[in-house]
Amino acid sequence: MKDLFIDTLRKVWALRAGRAGIVILTLAFLSAAFLPLITQSPIVQANIEEGATRPSTHHVLGTDQLNRDILARIVWGGRTSLTVAFLSVLLSVTLGAMVGLVAGYHGGWLDALLMRLVDGALSIPRLFILLLLLALQQDIGLTMFILVLGTTGWFGVSRIVRGEALRLRHASYVQAAEALGARSHRVIFRHLFPNAMGPLLVAATLGVGDVILLEAGLSFLGLGIMPPTPSWGGMIHESREIMFTGWWTNVFPLLSIVITVLAVNLVGEALRDVLDPMNA
């Protein structure tokens, strides 16, 4: 598994788009991990009466309407947004993979039941479900927000993994393992799961970009990450009253969202090219 991961990463790096995406994402992760250690707190209001100030040598990206440093809030908001995106996608991919593998391997009535439930869930827009849940309980914590995003995003993943399980369950190595008396859970996790990792990785990578945009949209509507915890979408929401007079308060967090999502999609597209059997 480790050698497969390193080989895949090497192939993605060989592609120009994949290389650009990896570099940008690495910088984003390093910034989110270490810059908050050396920047001031994102809730510090140096001089609230001064309000929003333009970028300067003292505040590289300026300050917002409460005189909070934009750079500090972007790096802290990046930590929040990236944490929400990756943990919620990890949860949704885990749930989707489990349901898809079980349905695809066992087939029959269990497959029909699980897929009809998935079809029913997919028929309801995810945004509608999220708006309903968050409207009922607006002031939810970060952990609950991640759980809500994760448990509403696994339906499409389960169908992708099920398709791979249906394709692989009649493979010779799977039949050999069954003939040797391997239990179903061992066949699923030892043989099917590693060979279904390709489409799963692509779906997970592209899902991170979707969740970053979704979290930003919900926070902009005031239904996502609640203040004073900074997030990129929340920063745009808080600066909407000075959107034109204080352009720097919303342009810089917006650029952070665009660049990060673009990088994630570049890596996802490169992974798709690398793992596509037609390109093997």
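Heads up: the structure comes first, above all this text.
Residues numbered from 1 in each chain as written. Predicted model: local features only at pLDDT ≥ 70, side-chain atom pairs only at ≥ 80, totals over all residues. Heavy atoms only, no water.

> Requested: an account of the nonpolar core, with residues and values cited.
Counting residues in each nonpolar core, the largest one holds 59 residues, and the members touching the most others are Phe145 and Leu149. It is helix 10 (residues 197-220) that contributes the most residues to this core, 11 residues altogether. Val99, Met115, Trp154 and Phe155 belong to the second-largest nonpolar core, a separate cluster that totals seven residues. (Core = buried A, V, L, I, M, F, W, Y, C linked by side-chain atoms within 4.5 Å. Buried < 20%, exposed > 50% of the residue type's maximum accessible area, 1.4 Å probe, protein only. Helix = DSSP H or I, 4+ residues; strand = E, 2+ residues; numbered from the N terminus.)

> Give me the lowdown on the packing of aromatic side chains, citing residues and values where you can.
This model, assessed by the stated rule, comprises four aromatic pairs. Judged by centre distance (4.6 Å) and plane angle (50 degrees), the ring pair of Trp154 and Phe155 falls under tilted. You can call Phe155 buried: its relative accessible area is 13%. Taking 6.1 Å as the distance between ring centres and 50 degrees as the angle between the ring planes, the aromatic pair formed by Trp247 and Phe252 counts as tilted. Judged by relative accessible area, Trp247 falls into the partly exposed class, the value being 36%. (Phe/Tyr/Trp six-rings, centres within 6.5 Å; stacked < 30°, edge-to-face > 60°.)

> How would you summarise the packing of helix 5 (residues 126-136) against helix 6 (residues 142-151) if you had to cite specific residues and measurements?
One can describe the packing of helix 5 onto helix 6 by two numbers: an axis separation of 10 Å at closest approach and a directional angle of 150 degrees. By the angle class used here, helix 5 and helix 6 are roughly antiparallel. Relative to helix 6, helix 5 is oriented so that their crossing is right-handed. Contact residues: helix 5 offers Arg126, Leu130, Leu133 and Leu134, while helix 6 offers Phe145, Val148 and Leu149. Taken together, the residues of the contact of helix 5 with helix 6 break down into six nonpolar, no polar and one charged. (Axes fitted to C-alpha atoms, helices over the stretch in contact; angles between N-to-C directions. Parallel < 35°, antiparallel > 145°, perpendicular 65-115°, else oblique. Left-handed = near helix turned anticlockwise from the far one by under 90°. Contact = heavy atoms within 4.5 Å. Nonpolar A, V, L, I, M, F, W, Y, C, P; charged D, E, K, R; others polar.)

> Now, about empty space enclosed by the protein: what can you tell me, with residues and values included?
Counted according to the given criterion, the structure contains one cavity of 30 Å³ or more. As a volume, the largest cavity reaches approximately 40 Å³. Lining the largest cavity are Asp64, Gln65, Arg68, Ile70, Arg73, Met235, Glu238, Ser239 and Thr249. Those elements that provide at least two residues to the lining of the largest cavity are helix 3 (70-106) and helix 11 (232-238). Within the lining of the largest cavity, the residues separate by chemical class into two nonpolar, three polar and four charged. (1 Å grid on protein atoms, 1.4 Å probe; cavity = no way out; pocket = protein on both sides within 12 Å on 5 of 7 lines; lining within 4 Å. Points joined across faces, edges and corners; volume = space filled by probe spheres on them.)

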